Amino acid sequence: MIPFLDLKAQYSEIKPQVDAAILRVVESGQYVLGPDVAAFEERFAAYCDVGYCRALNTGTSALHLALLATGIGLGDEVITVSMTFVATTAAILYSGARPVFVDVDPVSWTMDPAAIEAAITPRTKAIMPVHLHGLMADMDPIMEIARRHGLIVIEDAAQAHGAEYKGRRAGSIGDIGCFSFYPGKNLGAYGEGGAAVTSDPALAQRISLLRDWGQEAKYRHVLAGYNYRMDSIQAAVLNVKMNYIEKWTEARRTVATHYDRMLSSSGLRRPMAPADGRHVYHVYAVEHPDRDAAIKALQASGIATGIHYPVPVHLQKAYADLGYKAGDFPVTERLAEQFLSLPIYPELQEKQVAEVVRELNSVRVPEFA
Ligand SMILES: Cc1ncc(COP(=O)(O)O)c(C=O)c1O
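We now turn to the structure provided with this report. (Residues numbered from 1 in each chain as written. Predicted model: local features only at pLDDT ≥ 70, side-chain atom pairs only at ≥ 80, totals over all residues. Heavy atoms only, no water.)

Turning our eyes to something else, we now look at the sheet that holds strand β3 (residues 98-102). Spatially, β1-β9-β8-β5-β4-β2-β3 is the arrangement adopted by the 7 strands of the open sheet, whose pairing is mixed. The two strands at the open ends of the sheet, each matched to only one other strand, are β1 (52-56) and β3. The average undirected angle you get between the axes of adjacent strands in this sheet is 25°. As judged from the 2 bridges shared by strand β4 (residues 124-127) and strand β5 (residues 152-156), these two strands associate in the parallel manner. When the sheet's bridge partners are listed, Ala-126 is paired in β5 with Ile-152. Each of β1, β2 (77-81), β5, β8 (176-180) and β9 (194-198) is contacted by helix α3 (residues 59-69), which is oriented at about 165° to β8, the strand it contacts most. On top of the sheet, helix α7 (residues 201-211) reaches β1, β8 and β9; it is set at about 15° to β1, its chief contact. (Pairing = 2+ DSSP bridges. Helix = DSSP H or I, 4+ residues; strand = E, 2+ residues; numbered from the N terminus. Axes fitted to C-alpha atoms, helices over the stretch in contact; angles between N-to-C directions. Contact = heavy atoms within 4.5 Å.)

Below you can see the structure in the form of structure tokens.
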């Protein structure tokens, strides 16, 4: 049996430290924000190579507050991708703005910079690229277009802790970077968690206020805010995990090199990791033209798989009001039909990768569309 991910294996490695950290918080009587959260913010800001981190209750809240802090709201448009988790789109709608999708690049699977300018209108205020599966979007052209048109850039780095683009960390290139610490993420809490990072002190200050009911001092509300604060227990867990994040990320990258090597003659398209970038493999997906047969073959051998994501956001019933239709984003739609995510986590062994690849190779790969 090979699970899709194995959070219990990770817990067993850090159990004594995590148990002690949680107990310390329980005994402290400080359960929301506080010193554990402040310590985490300092460490995570340094890890992302930015001046400030504001810890929040979810990654979705990070996206929402990033939009509000940069002044985006009703009547504005935000350019993003449809090949993402729905939270990216939902956060834009929470702010009152309208998501405008562009297609992804067929090789990197991230926002196609060549598609951006045609989507810009007088109402466009921001671009929100998504670092899908842990590979950063092509940030140089995205930033160049944004600066030329006076647009904000908010990185959805929910899947990309520690990823790099030409030596620069995820979250440090745009105006604000947004992370999720949902348990299955590369850096996962034991519950919900998220963070917004920035090097702009004014934006950090606005996010601090907005996450805590807009309070400047107790019961003095200067902004209409939210309850988006991080729990102290989650910060305590994340502080322990910060000691391991680099080791775990390198272990993921090693698993990915095994997959890359063993799949090299499979005919399957695999993730493109540029030589000057650092892919952190939150997900290792392949494009499989006969995905159902592959899932069945793997399942029969006790190997779990995932699909990230089977229905692009523009074709989800919940977002039908946006007015998109099948055929609008051909690359996104093809990937949604062919993406197959293979098991990947730091503890996955080379021989288990070989088992996955053996089963995968037992399925004939038809011609790509
Ligand atoms: C690309 C992307 N954006 C945003 C989110 C939202 O994060 P959260 O679940 O912490 O709200 C997630 C993860 O769930 C994600 O994968």
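A cluster of nonpolar residues, Leu-23, Val-26, Tyr-31 and Val-32, forms a patch on the protein surface that exposes about 340 Å² of accessible area. Structurally, Leu-23 is set in helix α1 (residues 7-28). Judged by relative accessible area, which is 48%, Leu-23 ranks as partly exposed. (Patch = residues over 30% accessible without salt bridge, like charges linked within 9 Å, V, L, I, M, F, W, Y side chains within 5 Å. Areas by Shrake-Rupley, 256 points an atom, 1.4 Å probe, with all protein chains shown as cover. Salt bridge = Lys/Arg side-chain N within 4 Å of Asp/Glu carboxyl O. Buried < 20%, exposed > 50% of the residue type's maximum accessible area, 1.4 Å probe, protein only.)

Another point: the site of the ligand. Near the ligand lie 16 residues; those nearest to it are Gly-59, Thr-60, Asp-156, Ser-180 and Lys-185. Note that an oxygen atom of the ligand is positioned 2.8 Å from one of the backbone N or O atoms of Gly-59. Out of a free accessible area of 380 Å², the ligand has 93% covered by protein chains. For the ligand, the cavity whose grid points lie within 2 Å of the majority of its atoms is the largest pocket. Counting residues per element, the ones that place at least two in the shell around the ligand are α3 and α4 (87-94). (Near = heavy atom within 4 Å. Polar contact = N/O pair within 3.5 Å; in protein donor to acceptor, adjacent residues only side chain to side chain. 1 Å grid on protein atoms, 1.4 Å probe; cavity = no way out; pocket = protein on both sides within 12 Å on 5 of 7 lines; lining within 4 Å. Sits in = over half its atoms within 2 Å of the grid points.)

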